[in-house]
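What follows is the residue order along each chain.
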Amino acid sequence: MTNHEEHILRVLGGSTEPLFTSEIAELLNLELRPATAYTTIKVVRVLQDLHEQAVQLADGRWMLKRLML
């Protein structure tokens, strides 16, 4: 797993509600600045590769599948 995947999964796992990709990018940029700049497009691409661990809801927000139980 790449650092990008780990960071995004950590943010989703620490959230109490599903997040939009823009919110994920904003949280990561606040935390990791200036080391890494996350864009919404980068977050979407990583999340699409994480289809076994994350799911996109009908309103566009994302959450971890394990939190759906």
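Look above for the structure.
All chains use their own residue numbering, which begins from 1 and follows the written sequence. Per-residue local features are limited, in this predicted model, to residues with pLDDT of at least 70; the limit for side-chain atom pairs, both in listing and counting, is 80 or more; totals at the level of whole chains, interfaces and linings are taken over all residues. Heavy atoms from the whole structure form the basis of all side-chain values; hydrogens and water molecules are not counted.

Enquirer: Explain the packing of helix α1 (residues 3-14) against helix α3 (residues 40-49) residue by residue, including any values.
Expert: Fitted lines through C-alpha atoms serve as axes, helices being fitted only where they are in contact, and the angles separating the N-to-C directions of these axes extend from 0 to 180 degrees. The helix count covers DSSP runs of H or I at least four residues long, the strand count covers runs of E at least two residues long, and both are numbered beginning at the N terminus. Contact geometry of α1 with α3 gives a least axis separation of 10 Å together with a crossing angle of 90°. Here α1 lies roughly perpendicular to α3, going by the angle between them. Contact residues: H4, E5, I8 and L12 in α1; K42, V43, V46 and L47 in α3. The residue makeup of the contact of α1 with α3, split by class, is 5 nonpolar, 1 polar and 2 charged. We call two directions roughly parallel when the angle between them is under 35 degrees, roughly antiparallel when it is over 145, roughly perpendicular when it lies between 65 and 115, and oblique otherwise. Note on contacts: a residue pair is in contact if any heavy atoms of the two residues lie within 4.5 Å. When residues are grouped by polarity, Ala, Val, Leu, Ile, Met, Phe, Trp, Tyr, Cys and Pro land in nonpolar, Asp, Glu, Lys and Arg in charged, and all others, Gly among them, in polar.

Enquirer: Explain the pattern of salt bridges residue by residue, including any values.
Expert: Whenever Lys or Arg places a side-chain nitrogen within 4 Å of a carboxyl oxygen from Asp or Glu, that contact is recorded as a salt bridge. The tally for this structure, following the rule as stated, stands at 2 salt bridges. E31 is the salt-bridge partner of R10, the closest N and O atoms lying 2.8 Å from each other. Here R10 is found in helix α1, whereas its partner E31 is found in helix α2 (residues 21-32), with 21 residues between them in sequence. Each residue gets one of three labels from its accessible area relative to the maximum for its type: buried under 20%, exposed over 50%, partly exposed in between, using a 1.4 Å probe on protein chains only. Residue R10 is classed as partly exposed on the basis of its relative accessible area, which comes to 38%. Taking relative accessible area as the criterion, E31 reaches 45% and is therefore assigned partly exposed.

Enquirer: I'd love a proper account of the side chain of T21, names of residues and values included.
Expert: Tracing the backbone through its elements, the reader meets T21 in helix α2. Given the relative accessible area of 11%, T21 is considered buried. The residues contacting T21, other than those within four sequence positions of it, are T40, V43, V44, L47 and W62.

Enquirer: Quick rundown of the nonpolar core? Include the residues and the values.
Expert: Residues belong to one nonpolar core when they are buried, are Ala, Val, Leu, Ile, Met, Phe, Trp, Tyr or Cys, and are joined through side-chain atoms within 4.5 Å. I8, L12, I24, L28, Y38, V43 and L47 are the most contacted members of the largest nonpolar core, which has 17 residues in total. For this core, the secondary structure elements donating two or more residues are α1, α2, α3 and β2 (62-64). Sequence-distant contacts of I24, that is, excluding residues within four places in its chain, are made with I8, V11, L12, L19, V43 and L47.

Enquirer: Explain the packing of aromatic side chains to me, using residue names and the numbers behind them.
Expert: Centre distance within 6.5 Å is the pairing criterion for rings of Phe, Tyr and Trp, where only the six-membered ring of Trp is used; planes under 30 degrees apart are then read as stacked, over 60 as edge-to-face, and the remainder as tilted. Taken as a whole, this structure holds 0 aromatic pairs when the rule is applied. For a Lys NZ or an Arg CZ to count as sitting over a ring, it must be within 6 Å of the ring centre and within 35 degrees of the ring normal. One residue, K42, lies across the ring of Y38, its end atom 5.5 Å from the ring centre.

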